[in-house]
Amino acid sequence: MNVETNSAAGGSDLRAIHEEFREAALEARSSYRAVCLLVRLLNGETEASFSVTDREGLAVLLESIQGRLELSMQGLCVTAQALGMPGAEELVH
């Protein structure tokens, strides 16, 4: 392989990484803004409604939280079963 081929491949990888980072940053910013609005709404500080961007950001955030909680629930169920706890399934579901 020559240096030019390696540089081109590295540059394309770097562009892909930058694009993924940009998308993650935009999702994080949208989620943060949506959470801030949700907190203000729940505290009665504003009567504003959610914009499309706010809804999208909140959905991304909540999907992430949901996934982590599902993993936690599965882990709790496995742990309860390993401990021999009766009714382990009902305890965590």
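What counts, and where the lines are drawn
- Residues numbered from 1 in each chain as written.
- Predicted model: local features only at pLDDT ≥ 70, side-chain atom pairs only at ≥ 80, totals over all residues.
- Heavy atoms only, no water.
- Helix = DSSP H or I, 4+ residues; strand = E, 2+ residues; numbered from the N terminus.
- Buried < 20%, exposed > 50% of the residue type's maximum accessible area, 1.4 Å probe, protein only.
- Areas by Shrake-Rupley, 256 points an atom, 1.4 Å probe, with all protein chains shown as cover.
- Salt bridge = Lys/Arg side-chain N within 4 Å of Asp/Glu carboxyl O.
- pLDDT = per-residue confidence, 0-100.
- Contact = heavy atoms within 4.5 Å.
- Expected span 1.5 Å × (residues − 1).

Caption draft 1: A look at the overall build of the protein chain. Scanning the protein chain from N- to C-terminus turns up three helices and zero strands. Counted from the first residue to the last, the protein chain has its helices and strands arranged as α-α-α. Put simply, the protein chain has 93 residues, and 11% of those count as buried. Surface summary for the protein chain: the accessible area is close to 7,500 Å², and the carbon and sulfur share equals 59%.

Caption draft 2: Spatial organisation of the pattern of salt bridges. Scanning all chains against the criterion turns up one salt bridge. Put simply, Glu19 and Arg22 hold a salt bridge, and the shortest N to O gap is 3.1 Å. Residue Glu19 and its partner Arg22 are both found in helix H1 (residues 3–42); the two are separated by three residues, about one turn of the helix. Given the relative accessible area of 43%, Arg22 is considered partly exposed.

Caption draft 3: Structural view of the environment of Thr53. With respect to the helices and strands, the residue Thr53 is situated in helix H2 (residues 52–82). Spatially, the C-alpha atoms of Thr53 and Glu27 are 9.7 Å apart, while their sequence positions differ by 26 residues.

Caption draft 4: Fine view of the confidence of the model for the protein chain. With 84% of its residues at a pLDDT of 70 or more, the protein chain has an overall mean of 78. Per-element mean pLDDT across the protein chain ranges from 67 in helix H3 (residues 88–92) up to 83 in H2. Residue range residues 1–5 is modelled with pLDDT below 50. Its contacts to residues more than four positions away, or to other chains, number one contact.

Caption draft 5: Representation of H2 within the structure. Relative to the 45 Å expected for 31 residues at 1.5 Å per residue, H2 spans 45 Å between its end C-alpha atoms, a close match to the ideal helical length. Among all positions in H2, only Asp54, Gly57, Leu58, Cys77 and Ala80 are buried. Just past H2, the residue Gly84 takes up positive phi, approximately 75°.

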